[in-house]
Structures are given as structure tokens and as C-alpha cells.
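# Breakdown of the fold
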Amino acid sequence: MLVSTIVVAALGILVERAVEIQYGLPGLIGLLILRTGIRHRSSNCACVGATVLAMLAFNAL
């Protein structure tokens, strides 16, 4: 149980750092909005965060 919690936390930090490096501040804001929407079960907020991240990823191509 403890090991899985540590692994999940490490993966979360890894994803956050990767988004920060790749997309900068707008990526962190999009990730924060997405995470807030998922945590509070707000589909509107989650959709906005996902859209921000999708647009950043699309523009990077």
C-alpha cells in the first residue's frame, strides 16, 4: 500500500514537471484547472483544463 502511494506520487510529480518543461506556465495552469475539475467532479472545469492542454499540445506540433 505504501509503495503504491509513493509510486503514484512520483508519477504525478513526473507528469507535472514534464508539462512544466514542455509547455511552461500555461501548461501548469491547464493542468491545475484539469486537476481541480476532476477533484471537485466539475465536468466544465475538467473540460476547460483538458482543452487548454490539448491546444498547447496541438500548437507544439
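Nothing here was measured: the structure is a model prediction, and the numbers come from that model. (Residues numbered from 1 in each chain as written. Predicted model: local features only at pLDDT ≥ 70, side-chain atom pairs only at ≥ 80, totals over all residues. Heavy atoms only, no water.)

### Describing the pattern of salt bridges
Condition: Salt bridge, as used here: a side-chain nitrogen of Lys or Arg that lies within 4 Å of a carboxyl oxygen of Asp or Glu. Accessible area is worked out with a 1.4 Å probe on protein chains only. A residue is then buried under 20% of its type maximum, exposed over 50%, and partly exposed in between.
Tallied over the entire structure, the rule returns 2 salt bridges. Across the salt bridge formed by E16 and R35, the nearest N and O atoms sit 3.8 Å from each other. Residue classification places E16 among the partly exposed residues on the basis of a relative accessible area of 29%. What makes R35 partly exposed here is its relative accessible area of 38%. The partner of R17 in a salt bridge is E20, and the shortest N-O contact between them spans 3.0 Å.

### What to know about unusual backbone geometry
Selection criterion: For the purposes of this entry, the term helix denotes a DSSP run of H or I that reaches at least four residues, the term strand denotes a run of E that reaches at least two, and both are numbered from the N terminus.
The phi dihedral of R41 is positive, around 55 degrees, even though this residue is not glycine. Mapped onto the secondary structure, R41 falls in the loop between helix 1 (2–39) and helix 2 (43–60).

### Regarding helix 1
Selection rule: One less than the number of residues in a helix, times 1.5 Å, gives the span that helix is expected to have. We define the bend at any residue as the angle between the axes fitted to the seven residues before and including it, ending there, and the seven starting there. For this analysis, residues touch if any pair of their heavy atoms sits within 4.5 Å.
The first and last C-alpha atoms of helix 1 sit only 22 Å apart over 38 residues, clearly below the 56 Å expected at 1.5 Å per residue. Along helix 1, the largest kink reaches about 135 degrees and is centred on Y23; proline P26 follows within four residues of it. On its buried face, helix 1 is in contact with helix 2. With its phi angle positive at about 55 degrees, R41 sits one or two positions after the end of helix 1.

### What to know about the nonpolar core
Here is the rule we go by: Only buried residues count toward a nonpolar core, which is a set of Ala, Val, Leu, Ile, Met, Phe, Trp, Tyr and Cys residues joined through side-chain atoms within 4.5 Å.
The biggest cluster of nonpolar side chains holds 5 residues, and these are V19, L31, L34, A46 and L53. Elements that contribute at least two residues to this core include exactly helix 1 and helix 2. The element best represented in this core is helix 1, accounting for 3 residues. If we skip the residues at most four places from it in the chain, L31 touches E16, V19 and L53.

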